[in-house]
Amino acid sequence: MSTYRDLAHRSTARATVLRTVGTRERRSHLSAPRVPTVGIDIGGTKVMAGVVDADGTILEHLRTETPDKSKSPKVVEDTIVELVLDLSDRHDVHAVGIGAAGWVDADRSRVLFAPHLAWRDEPLRDALAARLAVPVMVDNDANTAAWAEWRFGAGRGEDHLVMITLGTGIGGAILEDGRVKRGKYGVAGEFGHMQVVPGGHRCPCGNRGCWEQYSSGNALVREARELAAADSPVAYNIIERVKGNVHEITGPLITELAREGDAMCIELFQDIGQWLGVGIANLAAALDPSCFAIGGGVSAADDLLIGPARDAFRRQLTGRGYRPEARIVKAQLGPEAGMVGAADLARLVARRFRRANRRRAERHERYERYAQAIRSTRTTTSEQEPPS
């Protein structure tokens, strides 16, 4: 039979569960302890780790190559631990936040799938927490980048923000009223795999016509290489720059030539910018945010990319002319956004960790006082007893 205490405990536990992660996040930037934390951004090619203060300032950061994806998950875990321990030698680290390029479950404890790493349902949070002896938070890297832009960058003051990260593919995140919207299973924001061209280019995800096949770093490089391989007259400049080695054509090179006025490279940015605007218009119809922040490596092209995106967005937006238009801005924090956001989100678990330690210390103090009182009572009793 359940006692009142049992029922009260269940009610309290249920209420605790119903206080969502999002609510805690919304308050974290106001009430989290102002202590340094480590943020880690794990991508397909690099692992970046940095100590970040409560104002989003990077106190120190380290960078290393991502271990080969064919290696075991423990190899990447070892790399993370080495970076954190190195930083801990010079900084008082209170928590660690991980931004991983992959799907992270709603509890932010397991990496369900990482396309560039050997992580499949990997219990990353618990594995790292056991080795580092500080709290660990794990999230998708686009979510952590979006959080950083909302807290410290282009999204400050926005109630409804959508982040789009343009790199090898397209990632994304949704923030509403200061909460990251992760969805039921933690994998919301995978905008790059919206189908925009039925039967279009094959995507590594297995489908055809995904948005990232038309507006991403891969799309930009693919188009340039195809023109160069076909010995197109419009590609003469870039062919000369790489001395005919088509596989040496990269996104940064295309950006550099576009800034120098190369007509083909400018046109390529216009093409992917227009596709970017089409996808943003679709997202506006579904989510109706006040601002879209465009980040990732491809966003370094600035108005070469974002200008055409704005034009296409205005042409494609449903109800255009009869509704407010969301702003489209370039993200401000650059490649460090994911690292900064992961560190800032980790402050919430740092607060819980500090509270747990304080409660543990208080319990120990109460126990010591109780034990001392018992010892004093026994001593007094012994002194009062007459000798036998």
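All figures in this text were calculated on a predicted structure; none of them were measured in a lab. Here the residue numbering is sequential within each chain, running from 1 through the sequence in written order. In keeping with the predicted nature of the model, local features appear solely for residues at pLDDT of at least 70, side-chain atom pairs appear and are counted solely at 80 or more, and the whole-chain, interface and lining totals rest on all residues. Side-chain metrics in this entry use all non-hydrogen atoms of the structure; hydrogen atoms and water are not considered.

## So, the pairing of strand β12 (residues 291-295)
Think of it in three bands: with a 1.4 Å probe and only protein chains considered, a residue is buried below 20% of the maximum accessible area for its type, exposed above 50%, and partly exposed in between. Strands are runs of DSSP state E lasting at least 2 residues, helices are runs of H or I lasting at least 4, and numbering of each runs from the N terminus. Buried residues dominate β12, accounting for five of its five residues. Neither face of β12 is open: one carries C291, A293 and G295, the other F292 and I294, and all of them are buried. Sheet topology places strand β9 (residues 160-166) next to β12; five bridges connect them, and they run parallel. Of the residues in β12, the one forming a bridge with V162 is F292. Any two strands between which DSSP finds at least two bridges are classified as paired.

## With respect to the state of the cysteines
Note on disulfides: each one is a pair of cysteine sulfur atoms within 2.5 Å. Per the counting criterion, the structure on display carries zero disulfides. Free cysteine: C205, not disulfide-bonded; nearest cysteine sulfur from C210 at 3.7 Å.

## Some words on the sheet that holds β9
Taking strand neighbours across the sheet as the criterion, the five strands line up as β11-β10-β9-β12-β13 in an open arrangement whose pairing is mixed. At either end of the open sheet lies a strand with only one pairing partner, and these are β11 (179-180) and β13 (327-330). Pairing of strand β10 (residues 170-176) with β11 involves two bridges; the strand directions are antiparallel. Opposite E176, over in β11, you have R179 as the bridge partner. Sheet strands in contact with helix α10 (residues 303-316) are β9, β12 and β13, and its direction is about 170° off that of β13. Residue contacts are counted whenever heavy atoms from the two residues lie within 4.5 Å of one another. Axis definition: a line fit to C-alpha positions, over the contact stretch in the case of helices; interaxial angles, taken between N-to-C directions, run 0 to 180 degrees.

## Focus: the packing of aromatic side chains
Here the aromatic set is Phe, Tyr and Trp, taking the six-membered ring for Trp, and pairing holds for ring centres within 6.5 Å; pairs whose planes are under 30 degrees apart are stacked, those over 60 apart are edge-to-face, and all others are tilted. A complete count under the given rule lists four aromatic pairs for this structure. Ring plane angle 65° and centroid distance 6.1 Å describe the contact between W103 and F113, whose orientation is recorded as edge-to-face. Of this pair, W103 sits in strand β5 (residues 103-104) while F113 sits in strand β6 (residues 111-113); the two residues are ten residues apart in sequence, bridging distant segments of the chain. Arranged with centres 5.0 Å apart and planes meeting at 45°, the rings of Y214 and W275 form a pair that is tilted.

## Considerations on the confidence of the model for the protein chain
Note: pLDDT gives the predictor's confidence per residue, expressed from 0 to 100. The predicted model of the protein chain has a mean per-residue pLDDT of 83, with 82% of residues at 70 or higher. By mean pLDDT, helix α1 (residues 4-18) is the weakest element of the protein chain at 39, and helix α9 (residues 263-287) is the strongest at 95. Here residues 1-22 scores under 50 on pLDDT; set against residues more than four positions off or in separate chains, the count is six contacts.

## Considerations on the sheet that holds β6
The strand order β5-β6-β7 describes an open sheet built from three strands, whose pairing is antiparallel. Two strands lie at the open edges of the sheet, namely β5 and β7 (120-122), each paired on one side alone.

## Some details on the pattern of salt bridges
Every case where a carboxyl oxygen of Asp or Glu lies within 4 Å of a side-chain nitrogen of Lys or Arg is listed as a salt bridge. Per the counting criterion, the structure on display carries 21 salt bridges. The salt bridge involving D126 is made with R125; its shortest N-O contact spans 3.3 Å. Since its relative accessible area comes to 48%, D126 is described here as partly exposed. A salt bridge links R314 to E325; the shortest N-O distance between them is 3.6 Å. A residue pair is termed long-range when its members are at least 10 positions apart, and R314 in helix α10 and E325 in the loop between α10 and β13 qualify at eleven residues. Residue classification places R314 among the partly exposed residues on the basis of a relative accessible area of 41%. Salt bridges sharing common partners tie together K74, E77, D78 and R131.

## Looking at the nonpolar core
By nonpolar core is meant a set of buried Ala, Val, Leu, Ile, Met, Phe, Trp, Tyr and Cys residues that side-chain atoms within 4.5 Å join together. The biggest cluster of nonpolar side chains holds 42 residues, and the ones touching the most others in it are I164, I238, I254, F269, L276, I280 and F292. Going through the elements one at a time, β9, β10, α6 (217-229), α7 (236-241), α8 (251-259), α9, β12 and α10 are the ones with two or more residues in this core. No other element matches the ten residues that α9 contributes to this core. Here I254 is in contact with L220, V221, A224, I238, I249, C265 and F269, once residues within four sequence places are set aside.

## Digging into helix α5 (residues 141-152)
The periodicity of an α-helix, 3.6 residues per turn, causes residues three or four positions apart to be oriented the same way. Expected helix span is given by 1.5 Å per residue-to-residue step, counting one fewer step than there are residues. The end-to-end C-alpha distance of α5, which contains twelve residues, comes to 16 Å, matching closely the 16 Å that a straight helix rising 1.5 Å per residue would cover. Of all the twelve residues making up α5, eleven are buried; the element is thus mostly covered by neighbouring parts of the structure. Along α5, the residues classified as buried are A142, N143, T144, A145, A146, W147, A148, E149, W150, R151 and F152. Capping the start of α5, N140 holds a side-chain oxygen 2.8 Å from the backbone nitrogen of A142, two or three residues further along. Polar contacts, as used here, are pairs of N or O atoms within 3.5 Å; protein pairs need one atom able to donate a hydrogen and one able to accept it. Residues neighboring in sequence count only if both atoms are side-chain atoms.

## What to know about helix α3 (residues 73-88)
Helix length check: α3 (16 residues) gives 23 Å between terminal C-alpha atoms against 22 Å at 1.5 Å per residue, within 8%. Turning to α3, its buried residues are V76, E77, T79, I80, V81, L83, V84 and L87. Structurally, α3 contributes buried residues whose contacts are with β1 (37-42), β2 (46-52), β3 (58-65), β4 (96-100) and α4 (124-132).

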